[in-house]
Amino acid sequence: MANQVTKCKAAVAWEAGKPLSIEEVEVAPPKAHEVLIKIMATAVCHTDAYTLSGADPEGSFPVILGHEGAGIVESVGEGVTKLKAGDTVIPLYIPQCGECKFCLNPKTNLCQKIRERILHYMGTSTFSEYTVVADISVAKIDRLAPLDKVCLLGCGISTGYGAALNTGKVEPGSTCAVFGLGGVGLATIMGCKVAGASRIIGVDINKDKFSRAKEFGDSECINPQDFSKPIQEVLIEMTDGGVDYSFECIGNVKVMRAALEACHKGWGVSVIAGVAASGEEIAIRPFQLVTGRVWKGTAFGGWKSVESVPKLVSEYMSRRIKVDEFVTHSLSFDQINEAFDLLYARKSIQTVVKQL
């Protein structure tokens, strides 16, 4: 199969705002330093929905979306040495070439080796039975890992977990606030808990999410709609001056400001993990920063992807981190549009779509 075109099913987004169409497509064989992967399971993420909505200025159509997947290597192109047919893998939307100045700098994970290609999405396009991915965008993982679970480590869980551990660098005994209790928020709570935070406050306008958040480690949950004053003022009063760490996991620029202002003067750190809509801008009074608060952003939780994702899978396999608990729905590939419906209706945390 290494030199042959592969015919398979894929969910194609022909245009913005329209349901995906299950089509037969032809996948070209892997070229030099590329890998052909049979996708066994993929999840539907808010970023996929954002692009499908037409709001993403970098979105192109037609396109095969998807970037939270897991599968088996079918074949490899010339020059691929670290992967072989039969390997169990997770495709990565942030590569790790190991050579560019970003990869060589321990301060960042934003490898710049690959830029977007037409008709391919985030370098992965996992809404397809087969996909071709650059070899520096593939993490080889434990062959015993359940692919319909660990596919989630390709984006949201890793982002939130790393936001707390890598970007925020939460310290033992600290107080944290997590704004937004969806998948990324729950993973952030998990990271804060692992880091030893003594108090974790979940913030969301949907009270139905509170019980699940507490299962992940939240000390308490509050709803901004229950108060007449801004939520940052409420948090400052609750924590004797503000939280040590705050995390925005929604993508709302007003909440980003509130999260920073909820931080303690002198040392508070606020991390933006949510992705705001195109064209949005954040605003803050400079005094908030002059008086010692720090504003940071995170992409994929700061993980160096190729080397870190296998370790995250190992942590899951040894039950040190939760993954199964994020999955609220499991559907067949032909039901992929239902996964988007669940997302839009805010009825799911993570929906996994499995190939038959």
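Definitions and cut-offs
Residues numbered from 1 in each chain as written. Predicted model: local features only at pLDDT ≥ 70, side-chain atom pairs only at ≥ 80, totals over all residues. Heavy atoms only, no water. Domains from an automatic or database assignment. Contact = heavy atoms within 4.5 Å. Buried area = accessible area lost by both parts, 1.4 Å probe. Salt bridge = Lys/Arg side-chain N within 4 Å of Asp/Glu carboxyl O. Polar contact = N/O pair within 3.5 Å; in protein donor to acceptor, adjacent residues only side chain to side chain. Disulfide = S-S within 2.5 Å. Buried < 20%, exposed > 50% of the residue type's maximum accessible area, 1.4 Å probe, protein only. UniProt positions renumbered as here; feature names shortened; annotations may be inferred. Helix = DSSP H or I, 4+ residues; strand = E, 2+ residues; numbered from the N terminus.

Points about the domain arrangement of the protein
Assigned domains of the protein: these are domain 1 (6–157 + 301–354) and domain 2 (169–297). Between the C-alpha centres of domain 1 and domain 2 there is a distance of 28 Å. With 11 residues of domain 1 at the contact, the number on the domain 2 side is 12 residues. In total, about 1,000 Å² of surface goes out of reach between domain 1 and domain 2, with carbon and sulfur atoms giving 70% of it. When residues of domain 1 are sorted by the area they lose upon contact with domain 2, Lys322, Phe326 and Ile349 head the list and together hold 43% of the total. Our enumeration of links across domain 1 and domain 2 arrives at zero salt bridges. Counting across the interface, domain 1 meets domain 2 through two residue pairs in polar contact (both at pLDDT 80 or more).

With respect to the state of the cysteines
Under the counting rule described, the total for this entry stands at zero disulfides. A disulfide-free cysteine, cysteine 103 has its sulfur positioned 3.7 Å from the sulfur of cysteine 111, the nearest such atom. Cysteine 103 sits in the buried class, given a relative accessible area of 13%. For the unlinked cysteine cysteine 192, the closest cysteine sulfur is that of cysteine 176, found at 3.7 Å.

Here we look at the UniProt feature "domain: Alcohol dehydrogenase-like C-terminal" (unreviewed entry) in the protein
Here the UniProt-annotated "domain: Alcohol dehydrogenase-like C-terminal" (unreviewed entry) positions come out as residues 183–312. The span residues 183–312 is 38% helix and 15% strand, and its two end C-alpha atoms sit 16 Å from each other.

Here's the deal with the pattern of salt bridges
Opposite charge on two side chains makes pairing possible when the charged atoms of those side chains draw close. According to the stated counting rule, one finds 13 salt bridges in the structure shown. Between aspartate 334 and lysine 9 there is a salt bridge, with its nearest N and O atoms 3.3 Å apart. Taken as a pair, aspartate 334 in the loop between β14 (327–332) and α10 (336–344) and lysine 9 in strand β1 (residues 6–12) lie far apart in primary sequence, 325 residues in all. Across the pair lysine 113 and glutamate 99 runs a salt bridge, and its minimum N-O distance is 3.7 Å. Taken as a pair, lysine 113 in the loop between β5 (88–91) and β6 (130–134) and glutamate 99 in the loop between β5 and β6 lie far apart in primary sequence, 14 residues in all. Of the residues examined, glutamate 99 reaches a relative accessible area of 58% and is grouped as exposed. When salt bridges that share partners are traced, they join Lys84, Asp87 and Lys140 into one network.

Observations concerning helix α3 (residues 156–167)
In an α-helix, one full turn covers 3.6 residues, which means residues spaced three or four apart are oriented alike. Across the 12 residues that make up α3, a large majority, 10, are buried. Restricting attention to buried positions, one finds in α3 the residues Gly156, Ile157, Ser158, Thr159, Gly160, Tyr161, Gly162, Ala163, Ala164 and Thr167. Elements that come into contact with the buried residues of α3 comprise β4 (68–76), α4 (183–194), β11 (245–248), β12 (269–272), β13 (294–297) and α9 (305–317). Positive phi shows up at lysine 169, right after α3, with a value of about 55 degrees.

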